Amino acid sequence: MNMDLFDYINKKNQQNVKPLAERMRPETLDEFVGQEHLVGKNKMLYRAIITDNLTSVILYGPPGTGKTTLARIIANTTKSEFKQINAVTSNITDIKNAVDEAKNMLKLYGKKTILFIDEIHRFNKVQQDALLPYVENGTIVLIGATTENPYFEVNKALLSRSLIFELKPIEAKDIFKVLKRCLTSEKGYKDLKIEVSDEVLWFFANNSGGDIRRALNAFEMAVLTSKNDEEKIIITLDDAVECMQKPLINYDKNGDNHYDVISAFIKSMRGSDPDAAVYYLAKMIEAGEDPLFIARRIVICASEDVGNADPMALNVAINAAKAVEFVGMPEARIILAQAAIYVACAPKSNACYLAIDNALEDVKKNPNLDVPNYLKDAHYNGAKNLNRGIGYLYPHDYENNFVNQEYFPEKLKGKKYYNPTNNGYELKIKERLSRLKK
């Protein structure tokens, strides 16, 4: 028999029931959705869990992608002792206590201990080091969960003894599947008569940013606050929009996602894709990135990736950086977009970038090569007595303001660092140099 919303809330309050996202958390691999690249049938992690042969692992991915859920599924599956601590609230003493218990379990019962550490990136170096000997000798099997790139946040020694599994944002089709399951599951809303279209469920799924917890929290809020006519709960698209609110952008200025986005922005400009460049620019602006940081990246790209193929690109970028500082946000977004689009659309050459790096290599190999005497400064008394400047050919005294003359130290004579491309203005540079060198 269907109950109305108020009876349902009263019943749930009396039972002190957990939030929907917690109630719907899968308990077995068969219930788990998404992450097929990790826990699909016959995948390594799937086999390790099913056969209870797990080694130490680091589960890395955005919030709401199933890291804690996988750990709990392992807890339900394994014959080993399972302990859980959170790096936010735990300290060295908690680690030592967990290790002591693990030693006792191994000694008295011959059972391994799986230690799940949520948000392991919050542990400092000393705390992570405290785990190392016990992971190494098999006293504990570590499962670490982190939203941060473990290669930045977890000790290398600990990483070398663990397998790294990256969880991806949950696909909308899988989130939709879980939302549909909520309507018929005992753990969800089977006791309620809910009228909600697939269109509305897809809205939740498509606007949760791949975070299944966020989708379930929003759906729960819709159930608890939408129209109730005593017969059924009616959830409209307007209700869904209101409950979903503005999505959070996964963009931690101190985390690897920050570097991933700026990397994609630069590579989009380098790859001559103005649309992708503007998309990543918008993502950084929306996340509150420092506009001057963005401007500096455009300046670098204008020189490194455009160079003399379009010398104006650097002028545009430099002027944009100055204008951003002068004008400020929100109008600076337009200036940044103009500069990013110009650099993205410009012909490309990294010839200057290669030239200076190759020259630096030679300077490091030959740090003390002497400048030819005829190129040395001759503007002081006694310079001629040292043969300074004697034999120098002044280019403006010759046709086309050019004269063949060796400018390198003897050991590097004939060296070539700058190789202009056939792109944009650099083709003209190439043709002129070719004519002069004939």
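The rules behind these values
Per-chain numbering applies: the sequence of each chain, read as written, is numbered from 1 onward. The predicted nature of this model means local features are confined to residues of pLDDT at least 70 and side-chain atom pairs, given and counted, to a pLDDT of 80 or more, with totals for whole chains, interfaces and linings taken over all residues. To get the side-chain values, take all heavy atoms of the structure and skip hydrogens and water. UniProt positions are given in the numbering used here, feature names are shortened, and annotations may be inferred rather than shown by experiment. Buried, partly exposed and exposed residues are distinguished by accessible area as a fraction of the type maximum, computed with a 1.4 Å probe on protein chains only: under 20%, between the cut-offs, and over 50%, respectively. Helix and strand definitions follow DSSP, with helices as H or I runs of at least four residues and strands as E runs of at least two, each counted in order from the N terminus. Orient the strands so they point away from the viewer; a crossover is then right-handed if the path from the first strand over the helix to the second runs clockwise. Two strands are counted as paired when DSSP detects at least two bridges linking them. Contacts: residue pairs with any heavy atoms within 4.5 Å of one another. Cavity: a set of points on a 1 Å grid over the protein atoms alone where a 1.4 Å probe fits but cannot get out. Pocket: an open set with protein on both sides within 12 Å along at least five of seven lines, its lining residues, like those of a cavity, having an atom within 4 Å of a point. Grid points are joined across faces, edges and corners, and a volume is the space filled by probe spheres set on the points. Charged means Asp, Glu, Lys or Arg here, nonpolar means Ala, Val, Leu, Ile, Met, Phe, Trp, Tyr, Cys or Pro, and polar covers whatever is left, Gly included. Salt bridge criterion: a side-chain nitrogen from Lys or Arg within 4 Å of a carboxyl oxygen from Asp or Glu. Note that the domain bounds were set by an automatic or database domain assignment. Lines fitted to C-alpha atoms define the axes here, with helix axes fitted over just the stretch in contact, and angles between the N-to-C directions of these axes take values from 0 to 180 degrees. The cut-offs work like this: below 35 degrees is roughly parallel, past 145 is roughly antiparallel, 65 to 115 is roughly perpendicular, and the gaps in between are oblique.

- Looking at an unreviewed UniProt entry, one finds the chain named Putative ATPase, with Caloramator fervidus as its source organism.
- Turning to the chain, the UniProt annotation filed under Sequence similarities (unreviewed entry) states: "Belongs to the AAA ATPase family. RarA/MGS1/WRNIP1 subfamily."
- Checking UniProt for the chain, the heading Function (unreviewed entry) contains the comment "DNA-dependent ATPase that plays important roles in cellular responses to stalled DNA replication processes."

Some thoughts on the pairing of strand 3 (residues 113-118)
- Counting buried positions along strand 3 yields six of six residues, so the element is predominantly enclosed.
- On strand 3, burial covers both faces: T113, L115 and I117 on one face and I114, F116 and D118 on the other are all buried.
- Since strand 2 (residues 81-86) and strand 3 lie parallel, the crossover through helix 6 (residues 92-109) that links them has a hand, and here it is right-handed.
- As paired strands, strand 3 and strand 4 (residues 140-146) are joined by six bridges and run parallel to one another. Across the sheet, residue D118 finds its bridge partner in strand 4, namely A145.
- Once you follow strand 3 into helix 7 (residues 125-136) and on to strand 4, the crossover reads as right-handed.

Thoughts on the environment of R213
- Structurally, R213 can be placed in helix 12 (residues 212-225).
- Distance from R213 to A75, taken between C-alpha atoms, is 20 Å for residues 138 residues apart in sequence.
- With near-sequence residues (within four places) excluded, R213 lies in contact with A21, P63 and G64.

Topic: the layout of surface pockets
- Size it by volume and the second largest pocket reaches roughly 620 Å³.
- Along the wall of the second largest pocket there are 20 residues; nearest its centre are F408, K415, K416, L433 and K437.
- Classifying every residue of the lining of the second largest pocket by side-chain character gives nine nonpolar, five polar and six charged.

Focus on the environment of L45
- As for its position among the elements, L45 is in helix 4 (residues 44-50).
- When its relative accessible area of 3% is taken as the criterion, L45 is described as buried.
- Taking the C-alpha atoms as reference points, L45 and I95, separated by 50 residues in sequence, lie 26 Å from one another.
- The contact partners of L45, leaving out residues within four places of it in the chain, are L38, V39, L54, L59, L70 and F165.

Looking at the pattern of salt bridges
- A complete count under the given rule lists 19 salt bridges for this structure.
- For K173, the salt bridge goes to E171, with nearest N and O atoms at 3.8 Å.
- On the basis of relative accessible area, E171 is assigned to the partly exposed category, the value being 47%.
- Here E304 and R270 are joined by a salt bridge, their closest N and O atoms 3.6 Å apart. Taken together, the residues span a long stretch of sequence, with E304 in helix 16 (residues 291-306) and R270 in helix 14 (residues 256-270) at a distance of 34 residues.
- Using a relative accessible area of 23% as the deciding quantity, one classes E304 as partly exposed.
- Shared partners join several salt bridges into a network, and the residues in it are E171, K173, D174 and K177.

Structural notes on the domain arrangement of the chain
- With domains assigned, the chain is organised as domain 1 (35-166), domain 2 (172-243), domain 3 (256-350) and domain 4 (357-436).
- Relative to domain 4, the C-alpha centre of domain 1 lies at a distance of 61 Å.

Focus on the packing of helix 6 against helix 7
- At a minimum axis separation of 10 Å, helix 6 and helix 7 run at an interaxial angle of 10 degrees. On the basis of the axis angle, helix 6 is roughly parallel to helix 7. Taking contact as the criterion, the partners of I92, I95, V99 and K103 in helix 6 are, on helix 7, V126, Q127, A130, L131 and Y134.
- Within the contact of helix 6 with helix 7, the residues separate by chemical class into seven nonpolar, one polar and one charged.

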